[in-house]
Amino acid sequence: MEEYTRVFARIDLDAAIHNMQAMRASLKDGARMIGVVKTDGYGHGAVPVAQAIDPYVAGYAVATIEEARNLQLHGIKKPILILGVTHPSHSRELVQYGIRPTIFTMEQAEALSEAVMELNRERGEAAAGSADLPVCAYIHLAVDTGMSRIGLPCDEEGASLAAAIARLPGISVEGIFTHFARADETDKASAMRQWEKYQRFIEMTEAEGLTVPIHHVANSAAIIELGETHWDMVRAGISIYGMYPSDEVAQTEVKLSPVMSLHSFVTYVKDIPVGTEVSYGGTFKAEHTTKVATVPVGYGDGYPRNLSGKGCVLIRGKRAPILGRVCMDQFMVDVTDIPGVCVDDPVTLIGRDGEERITVEELARTGGGFHYEIVCDIGKRVPRVYVRDGRIVGTKDYFTDVYEDFIAF
Ligand SMILES: *Cc1c(COP(=O)(O)O)cnc(C)c1O
């Protein structure tokens, strides 16, 4: 991207589509996919990712109501589920916009039921005799089978609470789900215990007279390795973005390709003599004359500071090790062994250059970080460039956003 001379993240929507196709091919009969696009699509951009994967999903999942609204305001029409807790004060908004909340207490459900009734009263008054159907609230019930995070208790009491919630006026239970804590481990014993508990819970709720159309349990790890848990729907997250949930998950069953790469340009090249320290704290001191290139990216962009003195970038197809600490906006690399490096040379922080490749997983391993977190943390200062059919189809630059309310200042 000529427009961006400091840094940009390239988002390969073709890779995202490839990942959806690879997953779809491994789904158990009839199972459909929910595209998890929380945290702005794991840092990739929820809207363009959702648009690209739309033909492959039955709906989307996000973490907050703001994320759900943002998708809708950008034309996403399929159902959106909020995986986290939504405060009861948003009940009306949920119903009005048809956003599916996760529900697991009577208080949450009652607030929603009341919002439905209130809206129907208002609609009745506004258009008495019209053929409008009364609105209802579609919800998904969460069951806690082992995360101890949110969800109905996985016992008889939880099952009768589920049934009681379903009987509230204006409430339609569309889905019932649970979440694995350890599906990404080689040893699936814990995940299988959760799976057994979930199935028993479903039997209990059915005995209470509750039947739910959509059962969903599997995250990316279970999509790849626990086919028996696919049931009606699966929730694909990290795999959309071309990363495996952990290095214990098989990388041969479903072939994923990374969607994000991160690119910058050299701003300065110089030789430093023996004994010269580099960056804050002088943690690197040259033992011989060293050619140093400066890269204008730092932890202020979400590039992990824990890569200080450990990580690498790619310049001219070769690895250039990071010298000393990563600063907020810049860091230095050793290019002594890379001939001809000059200002404006492309720098690959994540991605491929020739034969060499740096993955997000490598950054996580090297720095002692977590791959999910690294992509989520790539910051607003980094513009995103979207590629589809090998062509640039759009960009997102947070600095072109206008702060309408503050413009008067
Ligand atoms: C984030 C999340 C997912 C997606 O998990 P991945 O490991 O990224 O596939 C699925 N379900 C729930 C409840 C989540 O919070």
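Residues numbered from 1 in each chain as written. Predicted model: local features only at pLDDT ≥ 70, side-chain atom pairs only at ≥ 80, totals over all residues. Heavy atoms only, no water.

**Observations regarding the site of the ligand**
Quick reminder of the rule: Proximity is defined per residue: any heavy atom of the residue falling within 4 Å of a molecule or strand makes that residue near it. Polar contacts, as counted here, are pairs of nitrogen or oxygen atoms within 3.5 Å of one another; within protein the pair requires one atom able to donate a hydrogen and one able to accept it, and residues that are adjacent in sequence qualify only if both atoms are side-chain atoms. All accessibility values rest on the Shrake-Rupley procedure with a 1.4 Å probe; residue burial counts only the protein chains present in the view. Space inside and on the surface of the protein is sampled on a 1 Å grid over the protein atoms alone, with a cavity defined as a set of points where a 1.4 Å probe fits but cannot get out and a pocket as an open set with protein on both sides within 12 Å along at least 5 of 7 lines; lining residues have an atom within 4 Å of a point. Cavity and pocket membership follows a simple rule, namely that a molecule belongs there if more than half of its atoms are within 2 Å of the grid points. The classification used treats Ala, Val, Leu, Ile, Met, Phe, Trp, Tyr, Cys and Pro as nonpolar, Asp, Glu, Lys and Arg as charged, and all other residues, Gly among them, as polar.
For the ligand, the full set of nearby residues is Lys 38, Tyr 42, Leu 83, Arg 149, His 179, Asn 219, Ser 220, Arg 235, Gly 237, Ile 238 and Tyr 372. Ser 220 places a side-chain nitrogen or oxygen 2.5 Å from an oxygen atom of the ligand. Coverage of the ligand by the protein chains reaches 92% of its 390 Å² of free accessible surface. Because more than half of its atoms lie within 2 Å of the grid, the ligand is assigned to the second largest pocket. Broken down by class, the residue content of the shell around the ligand amounts to four nonpolar, four polar and three charged.

**A look at helix α1 (residues 13-26)**
This is how the line gets drawn: For helices the rule is a DSSP run of H or I covering at least 4 residues; for strands it is a run of E covering at least 2, with both sets numbered from the N terminus onward. A helix's residues, less one, multiplied by 1.5 Å, set its expected span. Burial classes: relative accessible area under 20% of the type maximum marks a residue as buried, over 50% as exposed, and values in between as partly exposed (1.4 Å probe, protein chains only).
In this model α1 runs 20 Å from its N-terminal to its C-terminal C-alpha over 14 residues, within 8% of the 20 Å that 1.5 Å per residue would give. Turning to α1, its buried residues number three or more, namely Leu 13, Ala 15, Ala 16, Ile 17, Asn 19, Met 20, Ala 22 and Met 23. With a side-chain oxygen lying 3.1 Å from the backbone nitrogen of Asp 14, the N-terminal cap of α1 falls on Asp 12.

**Quick word on the domain arrangement of the protein chain**
A common way to express how large an interface is: the accessible area buried when the components associate. Threshold: Domain start and stop positions are those given by an automatic or database domain assignment. Contacts are assigned to residue pairs that have any heavy atoms within 4.5 Å of one another. Buried area, as used here, totals the accessible surface that two parts lose on assembly, with accessibility defined by a 1.4 Å probe and the loss added over both. What counts as a salt bridge is simple: a side-chain nitrogen of Lys or Arg found within 4 Å of a carboxyl oxygen of Asp or Glu.
For the protein chain, the assigned domains read domain 1 (31-241) and domain 2 (260-396). Taking the mean C-alpha position of each, domain 1 and domain 2 sit 39 Å from one another. Taken residue by residue, the interface counts eight residues in domain 1 and seven residues in domain 2. Interface area for domain 1 against domain 2, summed over the two sides, is near 770 Å², with a carbon-plus-sulfur share of 66%. Our count for the contact surface shared by domain 1 and domain 2 stands at zero salt bridges. Our count for the contact surface shared by domain 1 and domain 2 stands at two residue pairs in polar contact (both at pLDDT 80 or more). At the level of secondary structure, the elements contributing two or more residues to the side of domain 1 that touches domain 2 comprise α2 (38-42) and α3 (46-53). Of the residues that constitute the side of domain 1 that touches domain 2, the class distribution is four nonpolar, four polar and no charged.

**So, the layout of surface pockets**
So the rule is basically this: Grid points are joined across faces, edges and corners, and a volume is the space filled by probe spheres set on the points.
Considering only enclosed or pocket space, the second largest pocket measures out at about 630 Å³ in volume. What lines the second largest pocket is a set of 33 residues, and nearest its centre among them are Lys 38, Arg 149, His 179, Phe 180 and Asn 219. Those elements that provide at least two residues to the lining of the second largest pocket are α2, β6 (137-144), α9 (220-225) and β10 (233-236). Counting residues per element, the lining of the second largest pocket draws most heavily on β6, which supplies three residues. Residues belonging to the lining of the second largest pocket are distributed by class as follows: 20 nonpolar, seven polar and six charged.

**What to know about the nonpolar core**
Our working rule: Side-chain atoms within 4.5 Å are what join buried Ala, Val, Leu, Ile, Met, Phe, Trp, Tyr and Cys residues into a set we call a nonpolar core.
Ranked by size, the top nonpolar core spans 124 residues in total, and within it Leu 71, Leu 141, Tyr 303, Ile 315, Phe 331 and Val 333 carry the most contacts. The element best represented in this core is α1, accounting for seven residues. When residues of this core are assigned to domains, at least three map to each of domain 1 (31-241) and domain 2 (260-396). When residues no more than four places from it in sequence are discounted, the contact partners of Phe 331 are Ala 293, Thr 294, Val 295, Val 297, Tyr 303, Val 313, Ile 322, Arg 325, Val 326 and Leu 349. One finds Ile 272, Val 278, Ala 286 and Leu 323 within the second-largest nonpolar core, a separate group that totals six residues.

**Let's talk about the packing of helix α7 (residues 156-167) against helix α8 (residues 189-207)**
Threshold: All axes here are fitted lines through C-alpha atoms, helices being fitted over the stretch that makes contact, and every angle between N-to-C directions spans 0 to 180 degrees. Angles are sorted into four bins: roughly parallel if under 35 degrees, roughly antiparallel if over 145, roughly perpendicular if 65 to 115, and oblique for all others. When the near helix sits turned anticlockwise from the far one by under a right angle, the crossing is termed left-handed; a clockwise turn instead gives a right-handed crossing.
Packing of α7 against α8 leaves a shortest axis separation of 9 Å and a crossing angle of 50 degrees. With respect to their mutual orientation, α7 and α8 come out oblique. As α7 runs across α8, the sense of the crossing is right-handed. Two secondary-structure elements touch here, α7 through Glu 156, Gly 158, Ala 159 and Ala 162 and α8 through Phe 201, Met 204 and Thr 205. Here the residues of the contact of α7 with α8 sort into four nonpolar, two polar and one charged.

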